Amino acid sequence: LMAGVDNVIAIGVADPDRLGIIGHSYGGYMTAWTVTQTGRFKGAVAIAPITDLTSNSGTRIGLDMTPLYFGANAWEDWDYYSDRSPVRHLANVTTPTLILTDKEDTQVPPTQGREFYTGLIKRNVTTQLVIYPRAAHFPTEPKQVRDVWLREIAWMDRYVKGNS
C-alpha cells in the first residue's frame, strides 16, 4: 500500500503533504491499520472497519474470509491475529480519523469501529464516530448515503486540505 503511495508521489500525482486515506470494510481495516503504522496521512475515514481481527471473527455472522487470508482461525493462532489488529497498535495513531459504521452490520459489527474510536478518544486523537441506524454494512437509504459522502468530503477538506 505504501509503495503505491510512494509511487504516485514520485510521479507527481500526489502531494506528500496532503495525503488522505479512506476505506470501507476490508478497506476500512486497511485504513485503520495504516494510521497505526504511519503518520503520513493528514486525515483518515474508516468505514465499517475491522479493528480487532479476533473479536470480529467471533462476532460476525456470515462468510469469514480471514482464515483463508491468514491460514488459520483466530483460536488457532491468537498472536498472529492480535499482531495484525489495528487496536493493538492504537498507541501509534496521530491521524485525525473519522469512523463510520452501521448499527445492523453483521459482517463487521459496529463494536469494531466503537472500540477503535474509544481508543482514539482515550489517546486524545481527533476522531468522530457515526453509527447509521437501519444500515447493514453500508447505508442504502439515500439520505444516509449522502451523509457519508458529505462527511468524507468535510473531513478531508478540514484535515487534508486545511480548510476550516
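Described in the following lines is the structure provided in the data block. Owing to the predicted nature of the structure, the values given are computational and were not obtained by experimental measurement.

## Side note on helix H6 (residues 111–122)
The terminal C-alpha atoms of H6 lie 16 Å apart, and with 12 residues this matches the ideal 16 Å at 1.5 Å per residue to within 8%. Listed in full, the buried residues belonging to H6 are Gln112, Gly113, Phe116, Gly119 and Leu120. The arc that holds every buried residue of H6, seen down its axis, measures 125°, which confines them to one face. Buried residues in H6 make contact with helix H2 (26–37), helix H3 (53–59), strand S3 (97–102) and strand S4 (127–132). Asparagine 124 lies just past H6 and shows a positive phi near 60°.

## Some details on the nonpolar core
If you look at the biggest cluster of nonpolar residues, it comprises 14 residues, and the most contacted ones within it are Ile21, Val35, Phe41, Leu90, Val93, Phe116 and Leu120. Not counting chain neighbours up to four residues away, the residues in contact with phenylalanine 41 comprise Met2, Val5, Leu19, Gly20, Ile21, Thr34 and Thr95. Counting residues in hydrophobic clusters, the runner-up holds 12 residues, among them Val45, Leu98, Leu100 and Val130.

## Looking at the side chain of threonine 51
Inspection of the secondary structure puts threonine 51 in the loop between strand S2 (43–47) and H3. For threonine 51, a relative accessible area of 0% gives the class buried. Looking at threonine 51, its side chain comes within polar contact range of the main-chain oxygen of glutamine 112, at 2.6 Å. When residues no more than four places from it in sequence are discounted, the contact partners of threonine 51 are Ala32, Ser85, Pro86, Val87, Gln112, Gly113, Glu115 and Phe116.

## Observations concerning the pattern of salt bridges
One side chain can pair with another of opposite charge once the charged atoms of both are near each other. If you walk through the whole model with that rule in mind, you get six salt bridges. Among the ionic pairs, arginine 84 bridges to aspartate 83, the shortest N-O distance being 3.7 Å. Relative accessible area serves as the criterion here: at 25%, arginine 84 is assigned to the partly exposed category.

## As for the packing of aromatic side chains
A complete count under the given rule lists five aromatic pairs for this structure. The interplanar angle of 45° and the centroid separation of 4.7 Å between the aromatic rings of tryptophan 155 and tyrosine 159 together place this pair among those described as tilted. Placement of the pair is tryptophan 155 and tyrosine 159 together in helix H7 (residues 142–159), with a separation of four residues, close to one helical turn. Neither tryptophan 155 nor tyrosine 159 differs from the other in exposure class; each is buried. Clustering of aromatic rings is evident, with ring pairs tying together Tyr26, Tyr29 and Tyr69. One Lys or Arg, arginine 84, reaches over the ring of tyrosine 80 and ends 3.5 Å from the middle of that ring.

Each value, and the rule that gives it
Residues numbered from 1 in each chain as written. Predicted model: local features only at pLDDT ≥ 70, side-chain atom pairs only at ≥ 80, totals over all residues. Heavy atoms only, no water. Helix = DSSP H or I, 4+ residues; strand = E, 2+ residues; numbered from the N terminus. Expected span 1.5 Å × (residues − 1). Buried < 20%, exposed > 50% of the residue type's maximum accessible area, 1.4 Å probe, protein only. Arc of directions from axis to C-beta. Contact = heavy atoms within 4.5 Å. Core = buried A, V, L, I, M, F, W, Y, C linked by side-chain atoms within 4.5 Å. Polar contact = N/O pair within 3.5 Å; in protein donor to acceptor, adjacent residues only side chain to side chain. Salt bridge = Lys/Arg side-chain N within 4 Å of Asp/Glu carboxyl O. Phe/Tyr/Trp six-rings, centres within 6.5 Å; stacked < 30°, edge-to-face > 60°. Lys NZ or Arg CZ within 6 Å of the ring centre and 35° of its normal.

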